[in-house]
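Overview (structure and organization)
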Amino acid sequence: MISASTLKKYDKYSQAELLKKCQMAFNKFIRLRDAENGCISCGGKVSQAGHYLSQGHHSALRFDENNTNGQCVRCNLFLSGNLINYRKGLVKKIGEDAVNRLESVERKAHKWERTDLIFKIEHYKLKTK
């Protein structure tokens, strides 16, 4: 539950700004969570949060902790996620059944509600303190 004062704190932000703030808080959590394990695709130094299934095509999975894992710049940007090795690392991490469930999520747009975004911002801020 989000308090009225917390909701009020975010009144000045547009939907797009809230989405950006939420993405930043979530990505920080992912980078910290996975820093010791290394890049899911190659084991290198984690500097980014990379999505297995793209957030553009699978917006419902944008903030899914199984779909998003620490990656190095090389794999995430220059190798477009290095998805073959990403999937191998993901199977090791969460298991074949969980990966299959992710892959079965329908490709459709998901509109994030303001209160959902505010809740997630606050949630991931707490998790990274």
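These numbers come from a predicted model, not from an experiment.

Conventions we followed
- Residues numbered from 1 in each chain as written.
- Predicted model: local features only at pLDDT ≥ 70, side-chain atom pairs only at ≥ 80, totals over all residues.
- Heavy atoms only, no water.
- Phe/Tyr/Trp six-rings, centres within 6.5 Å; stacked < 30°, edge-to-face > 60°.
- Helix = DSSP H or I, 4+ residues; strand = E, 2+ residues; numbered from the N terminus.
- Buried < 20%, exposed > 50% of the residue type's maximum accessible area, 1.4 Å probe, protein only.
- Axes fitted to C-alpha atoms, helices over the stretch in contact; angles between N-to-C directions.
- Parallel < 35°, antiparallel > 145°, perpendicular 65-115°, else oblique.
- Contact = heavy atoms within 4.5 Å.
- Nonpolar A, V, L, I, M, F, W, Y, C, P; charged D, E, K, R; others polar.

What to know about the packing of aromatic side chains
Throughout the structure, instances matching the rule amount to 6 aromatic pairs. Between Phe63 and Trp112, the aromatic rings sit 5.0 Å apart at their centres with planes inclined by 70 degrees, giving edge-to-face as the arrangement. On the criterion of sequence distance, the pair formed by Phe63 in the loop between β1 (48–51) and β2 (68–71) and Trp112 in the loop between α5 (96–103) and α6 (114–127) is long-range, its members being 49 residues apart. Considered together, Phe63 and Trp112 belong to a single accessibility category, that of buried residues. An aromatic cluster is built from Phe26, Phe29, Phe63, Trp112 and Tyr124, whose rings are joined through pairwise contacts.

Topic: the packing of helix α4 (residues 83–94) against α5
In the contact formed by α4 and α5, the axes pass within 7 Å of each other and the chain directions differ by 125 degrees. The angle between the axes of α4 and α5 places the two elements in the oblique class. Here Arg87, Leu90, Val91 and Ile94 of α4 come into contact with α5, specifically with Glu96, Ala98, Val99, Asn100, Leu102 and Glu103. Its residues assigned to classes, the contact of α4 with α5 shows 6 nonpolar, 1 polar and 3 charged.

A few points about the side chain of Asn67
Turning to its location among the elements, Asn67 is positioned in the loop between β1 and β2. The residues touching Asn67, leaving out its near neighbours within four places in the chain, are Gly50, His51, Tyr52, Leu53, Leu61, Tyr86 and Leu102.

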